[in-house]
Each structure stands twice: as structure tokens, then as C-alpha cells.
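Observations on the model geometry
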Amino acid sequence: MLTAAFAALALVACAQTSQPAPVTTAPLASATPDPPPSPSPTASSTSTPSSTSTSSSTSDDAGVGAQFRACQSDADCVAVPRAGCCNNGWKEAVAVSQKDAYAQANACTRKRPICPMFRVRDARVAYCEASTHLCSLKQP
């Protein structure tokens with residue numbers, strides 16, 4: 001009787017642990033970029049050029065400002081590890097000429113950062129968007 005209960009318990013325990021581990025993949029870049037928001041008549045009279053140049057970034061390149069992404073062709077762009085305290089495998093698209101400036105501007109300032117223990121296999125490649133002339137990432 002006791003051995004039958006133990007065998008049933010062992011069978012249930014084995015059945016619960018046989019699920020595969022989840023896989024994390026990089027997000028896909030949109031094929032068509034989002035159109036820029038149209039400025040309202042009152043905002044255009046009070047805005048300055050310097051305030052609009054730093055706020056243009058897409059959701060894929062949330063941590064990279066436009067000053068690091070300016071390009072004319074695909075050869076001007078490169079995919080680099082996301083700068084900061086924890087390198088988890090995510091990449092960012094920056095201009096080749098601004099690669100070092102991006103790393104320096106986003107360097108980690110914490111003495112002992114606590115980083116999550118996972119790694120993402122980000123296979124996206126950098127390219128220059130023809131409509132915006134900004135480096136972005138897309139799936140190969």
C-alpha cells in the first residue's frame with residue numbers, strides 16, 4: 001500500500017517537471033517606421049530646435065538619442081552592446097562615428113550594480129532608415 005502511494009507521488013512529480021524552459025527572443029523591428037507626430041499650432045511657436053532633437057527615439061532604440069544615430073547609408077550604422085551597468089546581450093544601433101561617444105555617455109555610474117542573471121541572443125543587425133536617416137535594428 002505504501003509503495004503504491006510512493007510510486008504515484010513519484011509519477012506526478014516527474015510529470016510536472018517535464019515542461020521545456022521558456023526562450024527569450026529579441027523584438028522585431030517594424031518594417032514601416034511610425035510617422036512623426038504632427039506639431040500643434042501652439043507648440044510650434046514655443047518650441048526650440050534643441051528640445052526636439054533629443055526627444056526623437058523609437059521604442060526599439062529607447063536608450064539611444066538621435067545624436068548617436070544619424071546616418072546616410074547602411075555602412076554608417078553598427079550594432080553595439082547596450083551600454084550601461086548590465087550587459088544582458090541586447091544591442092543598440094548607433095552611427096559608427098558615434099560608437100565611443102555612446103558608450104561614454106551611457107557608462108555605468110554605480111559601484112556595485114545588481115544585474116539580472118540572464119542573457120539574450122539578440123541577432124538584429126543595424127541599418128539606416130531612409131525616411132528618417134537614423135540607425136535602427138532589424139532582424140536579418
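Below or above, wherever it landed, is the structure these notes cover. The shown structure was predicted, so the numbers you read here are calculated from the model rather than taken from an experiment.

Overview of the packing of aromatic side chains
With the rule as written, the count across this model stands at one aromatic pair. Residues Phe 68 and Tyr 102 carry aromatic rings whose centres are separated by 5.9 Å and whose planes lie at 70 degrees to one another, so their mutual orientation is edge-to-face. Of this pair, Phe 68 sits in the loop between helix H3 (49-53) and strand E1 (77-81) while Tyr 102 sits in helix H4 (residues 99-105), placing them 34 residues apart in sequence. Looking at Phe 68, the relative accessible area reads 9%, which means it is buried. Looking at Tyr 102, the relative accessible area reads 3%, which means it is buried. Across from the ring centre of Tyr 127, 4.8 Å away, lies the NZ or CZ of Lys 138, which sits over that ring.

A closer look at the pattern of salt bridges
Under the counting rule described, the total for this entry stands at two salt bridges. Between Arg 82 and Glu 92 there is a salt bridge, with the nearest N and O atoms lying 2.5 Å from each other. Taken together, the residues span a long stretch of sequence, with Arg 82 in the loop between E1 and strand E2 (91-95) and Glu 92 in strand E2 at a distance of ten residues. Residue Asp 122 pairs with Arg 124 through a salt bridge whose shortest N-O separation is 2.8 Å. Assessed through its relative accessible area of 6%, Asp 122 is described here as buried.

Focus on the state of the cysteines
Following the criterion strictly, the structure yields four disulfides and no others. With its sulfur 2.1 Å from that of its partner, Cys 77 forms a disulfide with Cys 135. Handedness here is read from the sign of the S-S torsion; for Cys 77 and Cys 135, about -85 degrees, the answer is left-handed. One end of the pair, Cys 77, is in strand E1; the other, Cys 135, is in strand E4 (residues 135-138), with 58 residues separating them in the sequence. The residues Cys 77 and Cys 135 share a single accessibility class, namely buried. Disulfide pairing is shown between Cys 86 and Cys 115; the S-S distance is 1.9 Å. Taking the torsion about the sulfur-sulfur bond, which here is approximately -80 degrees, the covalent link between Cys 86 and Cys 115 counts as left-handed. Residue Cys 86 is located in the loop between E1 and E2, and its partner Cys 115 is located in the loop between H4 and strand E3 (125-128); the two are separated by 29 residues in the primary sequence. For Cys 86, a relative accessible area of 25% translates into the label partly exposed. Counting only the cysteines that take part in disulfides, in the order they occur along the protein, gives the pairing 1-7, 2-8, 3-5, 4-6.

Calculation criteria
Residues numbered from 1 in each chain as written. Predicted model: local features only at pLDDT ≥ 70, side-chain atom pairs only at ≥ 80, totals over all residues. Heavy atoms only, no water. Phe/Tyr/Trp six-rings, centres within 6.5 Å; stacked < 30°, edge-to-face > 60°. Helix = DSSP H or I, 4+ residues; strand = E, 2+ residues; numbered from the N terminus. Buried < 20%, exposed > 50% of the residue type's maximum accessible area, 1.4 Å probe, protein only. Lys NZ or Arg CZ within 6 Å of the ring centre and 35° of its normal. Salt bridge = Lys/Arg side-chain N within 4 Å of Asp/Glu carboxyl O. Disulfide = S-S within 2.5 Å.

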